[in-house]
Amino acid sequence: MQSKNPYFFLILSILITVPFWVVIACGGKKSEDKPAADKPAAPGQPGTPEAPAELKVAALLTGAGATFPFPLYSKWADAYGKENGLKLNYQAIGSGGGVAQIKKKTVDFGASDEPMKPEDLEKEGLFQFPMAIGGVVPVINVEGLADGALKLSPAVLCGIYLGDIKKWDHEEIKKLNEGLTLPAKDIAVVYRSDGSGTTWIFTDYLSRVCPAWKDKVGAGKSVQWPVGMGGKGNPGVAAYVKQTAGAIGYVEFAYALQNRLPAVQLKNQDGQFVKPAIESFMAAAKHADWEKAPGFFMVLNDQPGAETWPIAGATFILIHRAQADAAKTRAIFRFFDWCYRSGAALAKELHYVPMPENVIELVAKRWASEITADGKPIVWK
Amino acid sequence: MTLRRLANLWKAQTSFRKTSAFHRSADRAFRLLTLLCAVSTLLLVGAILWNLVENAWPSITRFGLGFVTSSQWNPVKSQYGAASSIYGTLVSTAIALILALPISVAIALFLTSYAPPWLARIVGTCVELLAAIPSIIYGMWGLFVFAPYMQKTVQPMLAKLPGPLFDGAPLGVGMLTAGIILALMILPFLTAVMRDVFSMTPPVLLESAAGMGSTSWEVTRKIAIPYGLRGLIGATFLGLGRAIGETMAVTFVIGNSHRISTSLFAPGNTIASTLANEFNEADSPLLEAALIELGLILFVITLIIQILAHLWLRSLQKRQAR
C-alpha cells in the first residue's frame, strides 16, 4: 500500500485537474456562445420537404422569455399537446432574455411583456403579436377598507407613489371617498424591486396620466422610486403589503385574486371608477385601436371606454418574419391559433385575459401577409 | 516569497530522499502538479478580476469615481451609482458580525469548556445542522415569519430608544432585519470553527492556569482566546465572507431601496441584492456594465478587508511576541 501511494495520488490528481485545465485553456477564447446556442433551432436548418410536412406536425417548439405568462403557456402547451402531440419547451428566463434569444435565433419564438418598438422589429426582422392580457392592480392594506371600497384617481395614485401624499386621510383621498372613514395612518409605498414587465406597465401608466411622474421618474422595468420599499417578485410585493398596515403596492391581477389582496377602484379616461376584473381588462383591449398600431406596438394603459380598467398590458410573442422551415411555422401558427380560440377558457381559469375576437382575426391576417418561409407565404389552416 | 519557500522545501526534501529513480521522478511530477494547482488559483483570481474590469469598462469610463460616491440608481435616465449598495453591504455585514460574534464565542466556549460531553454533542450537531440550511430558506422565513415579528414586537420596543438609529415607521423589513438574518446565517459557521479552535488549546495550559487559582473567565480571557486568536479571526472572516456576499436572504428582507438612511429601520440594499434584483432584466449594456462594476467593487471590498485582517494579525503577533 505504502509503495503504491505516489502513483495513486499522481493519477488521481491528474484526473481531478484535467477538466480544470481544459476550462482554463478554453477560457482564453472569448466565449460568445451562450448555453442555449446548440438547441435545435428552426432557422438555419435545411428546409424539410414540402409534401410530407403538410401532414406532419413539428414535434417540438422552443420558446423563451417572459415569466408572467409562463403558467398560461405551459397549461396551453399541455392541453394542446394531448390533442396534437406537440411538445413545447418554454424557458421563463425573463422578457429581456426572451428578446435576446429570438434575436440570436436560438429559439422558435420569444416572449416579452414589453412590446418592441416597430423600428426595432424592422431592424431585427421580427414580427410580434399579443397573446394574452394582464391587468396590473393597486392593492392596499388599510384597516376597514375592503376589496374595491377605496376609490383613487390617477393624480392621487401618482401623488402617493411620488411621496407627495403621505397619509391615508389626505384631503385628496377624502374628496374621492366621501362616506369612507380613512385612518390617519402613514402610507407605506411598496414596489417591485426586481426588473419586471409589471413595473414597466405600472410606471408607463403613471407617466401617461401624470406629467410630474414623467418628469421625475419615467417608465421602465425598474426605475428610481422616490419613496417606499421593494419586494422581490409578485410574492415579495404581496407579502410586504399583507404585513404592513397602511401599505399600497401593485401586483398582477391573478396574484391579487389568489392572495385575496384588497384592490382599489381607479378612475379611467372616461372619468368612470372601475374595479379590476377580466371584463374590464378585455374592455381595454377591445377599445384599443390595434388596426392602427404598427407591429402591434400597443400599450393598453389609459385606454378609452366607460368600463375600461386603465392599467393593463398585453404579453407578446416574437417570431422571425423570414422563417426557414414552413412546417415548423405552420405548427407555431396552429398552436397559437388554438390558444386564442380553444385556449381562451383555460386562460380565464388561470385569471389571464384572452384576446378579443377582432384582435385574433387581425393577427391571423398579418400572419398570412407578413410571415414567409423561403419567400412564400405560409398556408396553415 | 511563497514561491522561494516552495522551491527551498522542494530542494530540501528531494536531497535526502532515498527512493528509486522512478519514485523520485513520480514524486517530482506530483510536486510539480501541486505547484500548478496552487498557481492556478492565482490565475483564476486574476482572470476573474480581469473579466470584471473588462465587462465593467463602459460603466467605469462613463461614471468614473462618481460611481462610488453617488447613490443615484436610475435605469430610466441611465444614471448609476453604488454608494447606497456599498453602504448597505457594509452596514448589514457589520450588524451581523456585532450580533453573531459574541454569541458564537459564547456558544463555542460553552461547548468546549463548560458543557457536559453529551450536551456538547447534541448542541454541536444542532449548530452544524443550522449551517446546512440553504439561504433561500432563511430568506423566506425572514420575510414571512421574522419580519412581522420585528414589525410588531422588536421595532416598537427599539423605537423607544433615543438617537437616529431607530427612527421611522416599523416596516418589519429593512437594514436591521437583514443584519439579524445575516447574523443567524453566519452564527453556525462561526461557532463550528471557533469550537474547533478552542478545543485545540493544550489542556496543560488551561489546567495550569486553573491550578494557579484563575477563575474560569480568566482562563478563557487570558489563555483560550489569546491562544486561538488566529483561528478566531479566521472564523470571523469566514463568517464575514458569507455575510458580505449573501444574496437571496438579504434581497427578501432588506426592502430594496437605493437610499442611504441613518435609521436602521429604513429599507436599504446591498451590492448582492442589487445584482439579484436587476441582472435578469438588465437589457441595456450600460446597466449590465454598472452591475458588473458593482460585482467588481464587492471583490475589491473583500480584498481590502482580507489585507487589513492580515496586517492587523501581524501587528497583534508582534505585540504578543514582545
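Residues numbered from 1 in each chain as written. Chains lettered and ligands numbered in written order. Predicted model: local features only at pLDDT ≥ 70, side-chain atom pairs only at ≥ 80, totals over all residues. Heavy atoms only, no water.

S.K.: What's the story with the overall build of chain A in this structure? I'm lost.
M.R.: A tally of regular secondary structure across chain A gives 15 helices and 15 strands. Across the 381 residues in chain A, those meeting the buried criterion constitute 55%. Long-range pairs, those at least 24 residues apart, make up 75% of the contacts in chain A between residues at least 6 apart in sequence. Accessible surface, chain A as shown: approximately 16,500 Å² in total, 56% of it carbon and sulfur. (Helix = DSSP H or I, 4+ residues; strand = E, 2+ residues; numbered from the N terminus. Buried < 20%, exposed > 50% of the residue type's maximum accessible area, 1.4 Å probe, protein only. Contact = heavy atoms within 4.5 Å. Areas by Shrake-Rupley, 256 points an atom, 1.4 Å probe, with all protein chains shown as cover.)

S.K.: Help me understand the sheet that holds strand 12 (residues 322-323) of chain A in this model?
M.R.: Pairing between the strands of a sheet comes from backbone hydrogen bonds, and it takes one of two forms, parallel or antiparallel. All names here are of chain A. Pairing in this open sheet of three strands is mixed, and the strands run 12-14-15 from one edge to the other. Two strands bound the open sheet, and with one partner strand each, they are strand 12 and strand 15 (376-377). Pairing geometry for strand 14 (residues 372-373) and strand 15, over two bridges, is antiparallel. Residue pairing in the sheet places Ala-373 in a bridge with Lys-376 of strand 15. (Pairing = 2+ DSSP bridges.)

S.K.: Got a minute to help me understand the sheet that holds strand 10 (residues 273-274) of chain A in this structure?
M.R.: All names here are of chain A. On the basis of which strands lie adjacent, the open sheet formed by three strands has the order 5-9-10 and mixed pairing. Taken across any chain shown, the strands that pair with only one partner, and hence form the sheet edges, are strand 5 (151-152) and strand 10. The pairing of strand 9 (residues 265-267) with strand 10 spans two bridges and is classified as antiparallel. Bridged to Leu-266 within strand 10 is Val-274.

S.K.: When you look at the packing of helix 6 (residues 154-162) of chain A against helix 8 (residues 197-209) of chain A in this model, what are you seeing that I'm missing?
M.R.: Two quantities define a packed helix pair, namely the angle between the helix axes and the distance between the axes. Residues and elements named next belong to chain A. Close contact between helix 6 and helix 8 brings their axes to 10 Å; oriented N to C, the two are set at 120°. Relative to helix 8, helix 6 is oriented so that their crossing is left-handed. On helix 8, the residues that touch Pro-154, Leu-157, Cys-158 and Tyr-161 of helix 6 are Phe-202, Tyr-205, Leu-206 and Val-209. Of the residues in the contact of helix 6 with helix 8, the class split is eight nonpolar, no polar and no charged. (Axes fitted to C-alpha atoms, helices over the stretch in contact; angles between N-to-C directions. Left-handed = near helix turned anticlockwise from the far one by under 90°. Nonpolar A, V, L, I, M, F, W, Y, C, P; charged D, E, K, R; others polar.)

S.K.: Would you mind showing me how to read the interface of chain B and chain A here?
M.R.: Where the parts come together, the accessible area they lose is often given as the size of the interface. Between chain B and chain A, the residue contacts involve 41 residues of the former and 44 residues of the latter. Taking both partners together, chain B and chain A bury about 3,200 Å²; carbon and sulfur atoms supply 56% of that area. Inspection of the chain B/chain A interface yields one salt bridge. A salt bridge links B:Glu281 to A:Lys221; the nearest nitrogen and oxygen atoms lie 3.0 Å apart. The interface formed by chain B and chain A contains 20 residue pairs in polar contact (both at pLDDT 80 or more). (Buried area = accessible area lost by both parts, 1.4 Å probe. Salt bridge = Lys/Arg side-chain N within 4 Å of Asp/Glu carboxyl O. Polar contact = N/O pair within 3.5 Å; in protein donor to acceptor, adjacent residues only side chain to side chain.)

S.K.: I'm lost on the domain arrangement of chain B in this one. Help?
M.R.: Examined at the domain level, chain B breaks down into domain 1 (2-49) and domain 2 (67-321). Summarising the inter-unit geometry, the C-alpha centres of domain 1 of chain B and domain 2 of chain B are found 37 Å apart. (Domains from an automatic or database assignment.)

S.K.: I would appreciate a short explanation of the packing of aromatic side chains in the present structure.
M.R.: Here the distance between the centres and the angle between the planes together describe a pair of aromatic rings. One pass over the structure, following the stated rule, counts 31 aromatic pairs over all chains. When the ring centre of A:Phe296 is taken as origin, the NZ or CZ atom of A:Arg366, which lies over that ring, is 4.9 Å away. (Phe/Tyr/Trp six-rings, centres within 6.5 Å; stacked < 30°, edge-to-face > 60°. Lys NZ or Arg CZ within 6 Å of the ring centre and 35° of its normal.)

S.K.: For this particular structure, what's the right way to read the pairing of strand 11 (residues 312-320) of chain A?
M.R.: Residues and elements named next belong to chain A. Taken across its nine residues, strand 11 has nine buried, putting it largely inside the fold. Residues Ala-312, Ala-314, Phe-316, Leu-318 and His-320 line one face of strand 11 and the alternating positions Gly-313, Thr-315, Ile-317 and Ile-319 line the opposite face, and both faces are buried. Two strands pair when backbone bridges link them, and strand 3 (residues 109-112) and strand 11 are joined in this way by three bridges, in the antiparallel orientation. Bridging across to strand 11, Gly-110 finds its partner in Leu-318.

S.K.: Is there a simple way to think about the layout of surface pockets in this case?
M.R.: Taking a probe equal in size to a water molecule and rolling it over the atoms shows the remaining empty space. Estimates place the volume of the second largest pocket at around 720 Å³. Counting only elements with at least two residues in the lining of the second largest pocket, the list comes to strand 6 (188-192) of chain A together with helix 6 (135-158) of chain B. Its residues placed into classes, the lining of the second largest pocket shows 16 nonpolar, eight polar and six charged. (1 Å grid on protein atoms, 1.4 Å probe; cavity = no way out; pocket = protein on both sides within 12 Å on 5 of 7 lines; lining within 4 Å. Points joined across faces, edges and corners; volume = space filled by probe spheres on them.)

S.K.: I tried to follow the state of the cysteines on my own but got confused; where do I start?
M.R.: Such a bond, covalent and formed between the sulfur atoms of two cysteines, is termed a disulfide. Residues and elements named next belong to chain A. What the rule picks out here adds up to one disulfide over all chains. Each disulfide pairs two cysteine sulfurs, and for Cys-158 the partner residue is Cys-210, the sulfurs being separated by 2.0 Å. Between Cys-158 and Cys-210, the disulfide has an S-S torsion of -60° and is therefore left-handed. Highlighted residues: Cys-158 in helix 6 and Cys-210 in the loop between helix 8 and helix 9 (211-216), separated in sequence by 52 residues. Judged on exposure class, the residue Cys-158 and its partner Cys-210 are both buried. (Disulfide = S-S within 2.5 Å.)

S.K.: When you look at the confidence of the model for chain B in this model, what are you seeing that I'm missing?
M.R.: Any residue range with low pLDDT should be treated as having predicted coordinates unsuitable for detailed reading. On average, residues of chain B score 89 in pLDDT, and 95% of them are at 70 or above. Predicted complex metrics record ipTM = 0.81 and pTM = 0.81. (pLDDT = per-residue confidence, 0-100.)

S.K.: For this particular structure, what's the right way to read the environment of A:Ile102?
M.R.: Counting through the fold element by element, A:Ile102 comes out in helix 4 (residues 95-103). Beyond its immediate sequence surroundings of up to four residues, A:Ile102 is in contact with A:Val107, A:Asp108, A:Phe109, A:Gly110, A:Leu126, A:Leu318, A:Ile319 and A:His320.

S.K.: Help me out: how do you make sense of the pairing of strand 8 (residues 247-252) of chain A in this one?
M.R.: Within a regular strand, side chains alternate between the sheet's two faces. Residues and elements named next belong to chain A. Of all six residues making up strand 8, six are buried, and the element is well covered by its neighbours. Two elements, strand 4 (residues 126-141) and strand 8, share six bridges in a ladder whose sense is antiparallel. Of the residues in strand 8, the one forming a bridge with Pro-138 is Tyr-250. By the bridge criterion, two bridges tie strand 6 to strand 8 in an arrangement that is parallel. Along strand 8, the bridge assignment pairs Ala-188 with Ala-247.

S.K.: Would you mind going over the confidence of the model for chain A with me for this structure?
M.R.: Residues and elements named next belong to chain A. When pLDDT is averaged across chain A, the result is 84; 85% of the residues are at 70 or more. Between the elements of chain A, mean pLDDT differs from a low of 42, seen in helix 2 (residues 50-53), to a high of 96, seen in helix 6. Between residues 24-56, whose pLDDT stays under 50, and residues either more than four places distant or in other chains, the model counts 33 contacts.

S.K.: I'm lost on the environment of B:Gly163 in this one. Help?
M.R.: With respect to the element layout, B:Gly163 can be found in the loop between helix 6 and helix 7 (175-199). A relative accessible area of 41% means that B:Gly163 is categorised as partly exposed.

S.K.: Please clarify how the pattern of salt bridges should be interpreted in this entry.
M.R.: Any two side chains of opposite charge can pair, on the condition that their charged atoms come close. Residue and element names in this part refer to chain A. All told, the structure shown has 16 salt bridges over all chains when counted by the stated rule. Here Arg-192 and Asp-194 are joined by a salt bridge, their closest N and O atoms 3.0 Å apart. The two residues Arg-192 and Asp-194 agree in class, both being buried. A salt bridge links Arg-208 to Asp-204; the nearest nitrogen and oxygen atoms lie 2.6 Å apart.

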